[in-house]
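The primary structure of each chain is shown beneath.
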Amino acid sequence: SHAAQSHEVRVNRLQFNEATSALTARCMSAVKKALRDAKIKADDIQGVVMVGGSTRMPQVQEAVAAFFGKPPLNNLNPDEVVALGAAIQANQLAGNDSAGDLLLLDVIPLSLGIETMGGLVERIIPRNQTIPTAMAQDFTTYQDGQTALALHVLQGERDLVADCRSLARFELRGIPPMAAGAARIRVTFTVDADGLLSVAAKEQISGVEAKIDVKPSYGLSDTQIAQMLQDSFSTAEVDMKARALVEARVDGDRMLLATQSALNADGQLLSAEDRAQIDSLMLALRHTVDTSQEAQAVEDATQALAHATETFAAERMNHSIQKALSGQNIQNL
């Protein structure tokens, strides 16, 4: 075994700044993201407090001063600043009013939402929302006669379920059978001051309800949260494309379902030629939905079928009105 050796190397300020420049850039990147999340500009900031021993480095202070256009506030010991803040907050929580109008607000670190058709995530509470908070969104059924809805609660910033963290699953049962899209299901996310999430789903017409409680931050370290945020920034463009494709496919599927349902009910109203055209466009749309990687191609095929069925839809409406009016006389109307 070799005895431990120590080496002494002298570096000047310029060399040290160069060696640590990537770390300084990372600091400033975090600062810019914080401003972007808060939707404020550097000019809006009244003062920047230096926290942590590393902020003693002149290049960090210079970078902050250059970015905000004013020197940082470093009149407090950066190693003691967090402890001082915690002591002030503890003093306030103990019921002492010496802190004046100081208010500490907690926020949720990652967005919360649910899975929608096609494995997409619909965010209901955005990250950095102050808690306690409650937010709701309305959803509906996808298929005719659907009497249950599976709810998958997720956490994260990405657009696809596969890239987010699964928190819980539960079901809303007893939805009265209706046509697709007729049910109104209000999903409410409530986060209390302790960060506990409660998710409730209620069908507005019948009043049937289901709910679940979950602790979103359980088992997540600060490093994992930071990594999830970092991933969402670096994949934003890819995610946007993926989301557009999935949404186009879901719309295409919905168009096919609606057209098939209309054909089953009133297909006899069509001439053989019109029926053949609609069948051909349905086949083309099915193929495009299943194979195309371009949202635009799927949207175009969906639009083509929608356009070709416009006359059929009008004929169906006339037919149902005639049926409703047959045998009625003018006095009854």
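Residues numbered from 1 in each chain as written. Predicted model: local features only at pLDDT ≥ 70, side-chain atom pairs only at ≥ 80, totals over all residues. Heavy atoms only, no water.

1. Quick notes on the side chain of Q146
Phase 1: Looking at the secondary structure, you find Q146 in the loop between β5 (133-139) and β6 (148-155).
Phase 2: When its relative accessible area of 18% is taken as the criterion, Q146 is described as buried.
Phase 3: Of the polar contacts made by the side chain of Q146, one reaches the backbone oxygen of A148; its length is 3.0 Å. (Helix = DSSP H or I, 4+ residues; strand = E, 2+ residues; numbered from the N terminus. Buried < 20%, exposed > 50% of the residue type's maximum accessible area, 1.4 Å probe, protein only. Polar contact = N/O pair within 3.5 Å; in protein donor to acceptor, adjacent residues only side chain to side chain.)

2. Brief notes about the pattern of salt bridges
Phase 1: All told, the structure shown has 13 salt bridges when counted by the stated rule.
Phase 2: Ionic pairing is found between R186 and D138, a salt bridge with its closest N-O pair at 2.8 Å. Placement of the pair is R186 in strand β8 (residues 185-191) and D138 in strand β5, with a sequence separation of 48 residues.
Phase 3: Given the relative accessible area of 37%, D138 is considered partly exposed.
Phase 4: Of the charged contacts, one joins R254 and D251 as a salt bridge, the two residues approaching to 3.3 Å between their closest N and O atoms. One end of the pair, R254, and the other, D251, are both in helix α6 (residues 236-266), three residues apart, so they sit about a helical turn from each other.
Phase 5: Its relative accessible area of 39% is what places R254 among the partly exposed residues. (Salt bridge = Lys/Arg side-chain N within 4 Å of Asp/Glu carboxyl O.)

3. Observations concerning helix α2 (residues 21-38)
Phase 1: End to end, α2 covers 26 Å across 18 residues, agreeing with the expected 26 Å (1.5 Å per residue, within 8%).
Phase 2: For α2, every residue scored as buried is listed here: T24, M28, K33 and L35.
Phase 3: A positive phi of about 55° marks K39, the residue just after α2. (Expected span 1.5 Å × (residues − 1).)

From the geometry alone we can't say anything about function, so treat these as descriptive.
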